[in-house]
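If you want the building blocks of each chain, they are given just below.
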Amino acid sequence: MPSAAWAGYRTFHVERKVLEDATAQVCSFYLVPEDKQPLPPFLPGQFLTFQLDIPSPQGGTQAVTRCYSLSDAPNANHYRISVKRAPTPAGSTWPPGLSSNYLHDHVEVGCQLKVRA
């Protein structure tokens, strides 16, 4: 089994945030490592795992782990993920997607994210 490109979580910051469609349902995040070390290449279909600290309605934050596919060609300086906003399912009482809406509504250029390979 191949090993991960790095051990544990690594801190990245959002260098660019780009809305990809007219309805603002897909947003791309360009991520640069804080340690400025070159990024290893990846293969189509590979993804990154994010540890998000999302504000909780009860106060404080809740740790939420989500995976997002890499959505660009390999680049030694940045990675890109593209996230589709997950709305409340039609006719449902389920809430909208916790992590996708957090990324769309609260993560901006300069924000730091914890990322695992």
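In this report, the structure presented in the accompanying data block is examined. (Residues numbered from 1 in each chain as written. Predicted model: local features only at pLDDT ≥ 70, side-chain atom pairs only at ≥ 80, totals over all residues. Heavy atoms only, no water.)

### Side note on the pattern of salt bridges
Working step 1: The full count for this structure, using the stated rule, is 4 salt bridges.
Working step 2: One salt bridge connects D35 with R10, and the closest N-O pair in it is separated by 2.9 Å. Here D35, found in the loop between strand 2 (26-33) and strand 3 (47-55), pairs with R10, found in strand 1 (residues 9-19); they are 25 residues apart in sequence, far enough to count as distant.
Working step 3: Among the residues examined, D35 registers a relative accessible area of 38% and is labelled partly exposed.
Working step 4: Looking at R10, the relative accessible area reads 11%, which means it is buried.
Working step 5: D105 is paired through a salt bridge with R85; the nearest N and O atoms lie 2.9 Å apart. Of this pair, D105 sits in helix 1 (residues 98-106) while R85 sits in the loop between strand 5 (79-84) and helix 1, and the two are 20 residues apart along the sequence.
Working step 6: For D105, a relative accessible area of 43% translates into the label partly exposed. (Salt bridge = Lys/Arg side-chain N within 4 Å of Asp/Glu carboxyl O. Helix = DSSP H or I, 4+ residues; strand = E, 2+ residues; numbered from the N terminus. Buried < 20%, exposed > 50% of the residue type's maximum accessible area, 1.4 Å probe, protein only.)

### Quick word on unusual backbone geometry
Working step 1: Here the phi dihedral of A24 falls at roughly 60 degrees; this positive angle occurs in a residue that is not glycine.
Working step 2: Summarising the element assignment, A24 is placed in the loop between strand 1 and strand 2.
Working step 3: On the basis of relative accessibility, which here comes to 25%, the residue A24 falls in the partly exposed class.
Working step 4: In this structure, K36 takes a positive phi of about 60 degrees despite not being glycine.

### Focus: the packing of aromatic side chains
Working step 1: For the structure shown, the criterion picks out 5 aromatic pairs.
Working step 2: Measuring from centroid to centroid gives 6.2 Å for F12 and Y79, while their planes differ by 20 degrees, and the two rings are stacked. Within this pair, whereas F12 is found in strand 1, its partner Y79 is found in strand 5, the two being separated by 67 residues in sequence.
Working step 3: Residue classification places Y79 among the buried positions, given a relative accessible area of 3%.
Working step 4: Taking the ring centre of W6 as reference, the NZ or CZ of R10 above it sits at 4.8 Å. (Phe/Tyr/Trp six-rings, centres within 6.5 Å; stacked < 30°, edge-to-face > 60°. Lys NZ or Arg CZ within 6 Å of the ring centre and 35° of its normal.)

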